[in-house]
Protein chains: 2
Amino acid sequence: MRQNRMILPTLREVPKEAEVTSHKLMLRAGLVRQLVAGVYTYLPLGLRVLKKIENIVREEMNKSGAQELQMSVLQPAELWHETGRWDDYGPELVRLKDRHSRDFVLGPTHEEVITSLIKQEINSYKKLPINVYQIQTKFRDERRPRFGLMRGREFLMKDAYSFHTSYESLSETYDEMYKTYNAIFNRVGLKFRPVQANAGAIGGSGRNHEFMVLADVGEDTIAICDHCDYAANLEQAEAHGAEVAAAGAAPSTEAPAFEKIHTPNTKTIDQLVSTLGLEAQTFFKTLLYVVDDKPVAVVVRGDHEVNELKLKDLFDAKTLELADDATIERVTGAPTGFIGPVGLKNTALVVDKAVAGVQVGVAGANERDYHLQNVVPGRDFALERVADIRNVVEGDTCPSCKEGKIEFYRGIECGHIFELGTKYSVPINATFLDENQKAQTMIMGCYGIGVSRIMSAVLEQSHDDNGIVWPLSIAPFQVHLIPVNVKDETQVKVAEQLYTRLQQQGIEVLMDDRDERAGVKFKDSDLIGLPVRVTVGKMAGDGIVEFKVRQTGESKELTLEQAFEEITGLVLGQ
Amino acid sequence: MRQNRMILPTLREVPKEAEVTSHKLMLRAGLVRQLVAGVYTYLPLGLRVLKKIENIVREEMNKSGAQELQMSVLQPAELWHETGRWDDYGPELVRLKDRHSRDFVLGPTHEEVITSLIKQEINSYKKLPINVYQIQTKFRDERRPRFGLMRGREFLMKDAYSFHTSYESLSETYDEMYKTYNAIFNRVGLKFRPVQANAGAIGGSGRNHEFMVLADVGEDTIAICDHCDYAANLEQAEAHGAEVAAAGAAPSTEAPAFEKIHTPNTKTIDQLVSTLGLEAQTFFKTLLYVVDDKPVAVVVRGDHEVNELKLKDLFDAKTLELADDATIERVTGAPTGFIGPVGLKNTALVVDKAVAGVQVGVAGANERDYHLQNVVPGRDFALERVADIRNVVEGDTCPSCKEGKIEFYRGIECGHIFELGTKYSVPINATFLDENQKAQTMIMGCYGIGVSRIMSAVLEQSHDDNGIVWPLSIAPFQVHLIPVNVKDETQVKVAEQLYTRLQQQGIEVLMDDRDERAGVKFKDSDLIGLPVRVTVGKMAGDGIVEFKVRQTGESKELTLEQAFEEITGLVLGQ
């Protein structure tokens, strides 16, 4: 394509609206433009990248045996009432009324629609399992759209749904999708980790993994082992049992009886650490929660944080929140900041495993301005309910290999696979007839990829100070061909010949035929970041051009024939 | 692809919801399923067709030099206020509010968004002209969605927008699009006519053509010459001047003076024809309109209909409607049904050209229960304002070649190209700097194709009693390969070999590997309508298969090698 007439508005200035690198780059390199917050137009260059990612996803999905179909964006509210998601989904669900005042949603996902379709069209075990997918524009009314395509209100998704006669069959397809997702993320050139995750709004019963692209701007924290391939979302990562080896041991008999110490206005661990001069891990941090309307006191080490998800799972609770000040006073008799496990009545008590491993420590006294020292777990408060209820921290032993140490990374969630089970097939009553002509509920899986988000993720990982460094597989063009001076007939002639010849080989070439200064052209070229640049300059008359690889910066002067061979080798030999 | 696991639910029964052939066929052949009125899911077979049409559109648009981009579905209401379309568009515009109560629309077209984008990104004459397009899901809340994909609420469109420094440049791109549209509609295998049309809601100033697919279910009437290539929408078709040759001639002097005849309760032309025993064309049908608040009497021949669009254009009027009974009595002194041009005061008078060509006739007397006979145009009423204000009728002389006769056809509008002019660039203030650094308003064109509607249109034209007959270019698969008995090892082996070999050639094969009776398979095969059917039956052991062409019904027994050659010749030699 010829650059002169292309809508490819590069920017020298960093746009104010952009906070993160990928967003800055996609605006500066003319890939997208914002219409309103979280809603973008893909300019020609950006659309080419998006289509390439889409095609890689499609090829790998087809290879896995999934069938492509296309559902509608508009979904009638009735279906969402059936599954209860009309009420559960909250303000992120885009709702509207048609001219007859009938309620609709703009699909953020399509479990309801596909389950209803499959229920209608498939009724025999002979037709199962199947896995269907679509690549479609989705809508989610984010409270705070940001980071360009990373968190938009209108975005491109691949969503797939599988239907099975058994959990074994679901598990097979899940494994196949796991493999397929790895292939997709490798092909688009991302550094990523499949991560054990929590199901969130989609819900479900079985396994689920997020495919996390590692990048500092990621909104999620991932715990990764430095030794094995263990990786989990922070909220899902299991704390290893090693720290609690002592839990089974007898309580410290060395320690004297606990005693009150005066700690006026000293309510936080930080304040205690600086006042008492002790390490944070010697404190028994105690919080009061209200779990399904009942008070639950929770004890973790002073250097640890409560993991509310684990706590909720422990009680299989519907609701869980921190108690307010009034409730704390009522239950403990003391104001917030002085709560401790010793002598606590009127509430359940849950102790984190790591606390059970502490020999002796400091806790709140359940009395204003007082704490207790020489508190011994198991002696001074009960260890009846000990569980993993904290977030892991860096340096924790890996719960999987038990050798490595946990490290934290930030991740961008670009894919998510779920063993859904019957969460949707039960309310929608999607059944099939088994070998004995008996109706059975279908078992489901679902599998999403954020196609447009991948573009952001790639930009976060693939750039340098001068601009984008596109992976060959999704580069909008493979070659940037630059006649330095378009008023020089020889340069133009040589460039045109190479342009035609490369395109005949099926190579995608962007030719900068603009009448601009060389400096402008090179700066734009670095910014746009195509894998190969060929410069046709002063030596064009001698049949010599400059060949440069964007990623390595490697540059050499070649004859036209050599350049042609280098390019075809690099691009087509991929 | 293997049919057994494919979601391809064929139906024997004609679904009740479907009124027209294309809709019936797309439900019966498992191409689509309705979710709610006017909203469909494309099943795998239907999606393959849609993608093929989409690709043909894309290829031809790219060939024309247009650039593909992708705008959003969500559009902020502010833009629609700027152009006034927020108020003008009516209830077909899908409107919604986001979580912050900000108004949005779901794009039915994108003039506002693209004009606003181009205004931002392009400011020099050097970058013009450009033509950009997208292929995107669009929304229109039809009052009465029907006929399957023909008139849906969610549908796939290709919309293109061009920007120019002059009307000459617009005209060049318009011609290029005209050529491109012809190429597209030819490639998808449609019988169609580009038709002069009226601009409708999109509006504009210059030329515009609808690309009409000829089909009895079409919602538009097209006037087509049986001799030359003249074609126009009924409301746009010009009545030829030949009938008014006599208009310049002296009024009939043969005729006696007009005289009143008693015609009690005879108000319509039909009643007059049967009461007086005269031909309809001898009556001067007179109607009273209110045009921009002023009365206008309009005279057409008894066998003609007033064309309100032509009338409106004649007066360059904002509003036009038939006068109510009270107004008629006030202006003419007589009740509705007895109005005539003779002696009419207090109103403007417009006479259709064809009336001016009548020597003598009958008209209303402007008095209850009376008409006048022996009325002579030019003698008994003024011929000061004579114009073409009627609909053409079948048999009229062609206004273009003046030799052929006009015939009426029904058409499905599948494409529409417009010379928009400055309708959108003026309110949005999209300007460019010309050679003298002076700001000038951009001139625009726009060009739409109903991608999903094309699927319906093809089905209306390409079917027989047994089902669909796909054109090769958009068939979901090119070959239907049918092992008759999947329990016969030889048949399966032969079929599998052919399946693999054809696919290696890049040929798309659907293999019916279902364990069904031969009759069921053949019936489904005819219904699905792939261009070539290869049946592997009892003679498989001798290396003989049946080769059948869906369109011609031509069938022959061939060796595997011959069949392979026939197929590759037919499919790849296209």
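Residues numbered from 1 in each chain as written. Chains lettered and ligands numbered in written order. Predicted model: local features only at pLDDT ≥ 70, side-chain atom pairs only at ≥ 80, totals over all residues. Heavy atoms only, no water.

Chain A appears in an unreviewed UniProt entry as Proline--tRNA ligase from Tumebacillus permanentifrigoris. Comment text from UniProt for chain A, heading Catalytic activity (unreviewed entry), reads "tRNA(Pro) + L-proline + ATP = L-prolyl-tRNA(Pro) + AMP + diphosphate". The heading Sequence similarities (unreviewed entry) in the UniProt record of chain A holds the text "Belongs to the class-II aminoacyl-tRNA synthetase family. ProS type 1 subfamily." (UniProt positions renumbered as here; feature names shortened; annotations may be inferred.)

**Some points on the overall build of chain A**
Looking only at helices and strands, one finds 15 helices and 31 strands in chain A. In terms of principal-axis extent, the alpha carbons of chain A reach across some 95 × 70 × 50 Å. A buried classification covers 56% of the 574 residues belonging to chain A. Summed over its atoms, the accessible surface of chain A is roughly 23700 Å², and 45% of this surface lies on carbon and sulfur atoms. Within chain A, the 83 negative side-chain charges are centred at a point lying 4 Å from the centre of the 66 positive side-chain charges. (Helix = DSSP H or I, 4+ residues; strand = E, 2+ residues; numbered from the N terminus. Buried < 20%, exposed > 50% of the residue type's maximum accessible area, 1.4 Å probe, protein only. Areas by Shrake-Rupley, 256 points an atom, 1.4 Å probe, with all protein chains shown as cover. Lys, Arg positive; Asp, Glu negative; His and termini not counted. Charge placed at Lys NZ, Arg CZ, Asp CG, Glu CD.)

**Quick notes on the sheet that holds strand E6 (residues 103–106) of chain A**
Residues and elements named next belong to chain A. What the three strands build is an open sheet, ordered E4-E6-E5; its pairing is antiparallel. This sheet does not close on itself; its edge strands, each paired only once, are strand E4 (74–76) and strand E5 (94–97). Sheet twist, expressed as the average angle between the axes of neighbouring strands with direction ignored, equals 40°. As judged from the four bridges shared by E5 and E6, these two strands associate in the antiparallel manner. Among the inter-strand pairings, Val94 is bridged to a residue of E6, identified as Leu106. (Pairing = 2+ DSSP bridges. Axes fitted to C-alpha atoms, helices over the stretch in contact; angles between N-to-C directions.)

**What about the domain arrangement of chain A?**
For chain A, the domain assignment lists domain 1 (21–237 + 408–459), domain 2 (241–387) and domain 3 (477–572). Taking only C-alpha atoms, the centre of domain 2 of chain A and the centre of domain 3 of chain A are 67 Å apart. (Domains from an automatic or database assignment.)

**Quick notes on the relation of the copies chain B and chain A**
The transformation that overlays chain B on chain A combines an axial shift of 0.2 Å with a rotation of 179°, and the residual RMSD is 0.4 Å. The superposition of one copy onto the other is thereby described by a two-fold rotation axis. No C-alpha of chain B lies nearer the rotation axis than that of Leu96(B), which sits 2.6 Å from it. Same-surface contact between copies: 100% of interface residues of chain B are shared with the interface of chain A. (Least-squares fit on C-alpha atoms with pLDDT ≥ 70 in both. Contact = heavy atoms within 4.5 Å.)

**Looking at the interface of chain B and chain A**
Every contact between the two is made by 58 residues of chain B and, on the other side, 58 residues of chain A. When the two sides are added together, the surface that chain B and chain A hide from each other amounts to roughly 4900 Å², 59% of it contributed by carbon and sulfur. Inspection of the chain B/chain A interface yields four salt bridges. Among the ionic pairs, Glu121(A) bridges to Arg33(B), the shortest N-O distance being 2.7 Å. On the surface where chain B and chain A come into contact, there are 18 residue pairs in polar contact (both at pLDDT 80 or more). Among the residues making up the side of chain B that touches chain A, the classes are represented as 31 nonpolar, eight polar and 19 charged. (Buried area = accessible area lost by both parts, 1.4 Å probe. Salt bridge = Lys/Arg side-chain N within 4 Å of Asp/Glu carboxyl O. Polar contact = N/O pair within 3.5 Å; in protein donor to acceptor, adjacent residues only side chain to side chain. Nonpolar A, V, L, I, M, F, W, Y, C, P; charged D, E, K, R; others polar.)

**Section: the pairing of strand E2 (residues 39–42) of chain A**
All names here are of chain A. Every second residue of E2 is oriented toward a common face, with Val39 and Thr41 on one face and Tyr40 and Tyr42 on the other, all of them buried. In this structure, strand E1 (residues 32–36) lies alongside E2, joined through four bridges in antiparallel fashion. Paired with Val32 across the strands is Tyr42, a residue of E2. Adjacent in sequence and paired antiparallel, E1 and E2 are bridged by two residues, among which Gly38 carries a positive phi angle near 80°.

**Quick notes on the packing of aromatic side chains**
Taken as a whole and assessed by the stated rule, the structure comprises 16 aromatic pairs over all chains. Between Tyr181(A) and Phe185(A), the aromatic rings sit 6.2 Å apart at their centres with planes inclined by 65°, giving edge-to-face as the arrangement. Taken together, the residues Tyr181(A) and Phe185(A), both in helix H6 (residues 167–187) and four residues apart, mark about one turn of the helix. Classification of Tyr181(A) by relative accessible area gives buried; the value is 0%. By relative accessible area, Phe185(A) is classed as buried at 0%. Members of the aromatic cluster, each reached through a chain of ring pairs, are Tyr178(A), Tyr181(A), Phe185(A), Phe192(A) and Phe211(A). Note that Arg501(A) overlies the ring of Phe564(A), its terminal NZ or CZ placed 3.7 Å from the centroid. The ring of Phe315(B) has Arg385(B) sitting right over it, with the charged end atom 4.6 Å from the ring centre. (Phe/Tyr/Trp six-rings, centres within 6.5 Å; stacked < 30°, edge-to-face > 60°. Lys NZ or Arg CZ within 6 Å of the ring centre and 35° of its normal.)

**A closer look at the sheet that holds strand E5 (residues 94–97) of chain B**
Residue and element names in this part refer to chain B. Strands sit in the order E4-E6-E5 across an open sheet of three strands; the sheet is antiparallel. In this open sheet, the two edge strands, each paired with only one partner strand, are strand E4 (74–76) and E5. On average, adjacent strands in this sheet sit at an angle of 40° to one another, irrespective of strand direction.

**Some words on unusual backbone geometry**
That bond from Leu128(A) to Pro129(A) is cis: its omega, 0°, falls within 30 degrees of zero. In this structure, Pro129(A) sits in the loop between helix H5 (111–121) and strand E7 (130–139). In this structure, Ser101(B) takes a positive phi of about 65° despite not being glycine. Checked against the element boundaries, Ser101(B) lands in the loop between E5 and strand E6 (103–106). Given a relative accessible area of 52%, Ser101(B) falls into the exposed group. One non-glycine residue, Phe147(B), lies in the positive phi region at around 60°. Here Phe147(B) shows up in the loop between strand E7 (130–139) and strand E8 (154–164).

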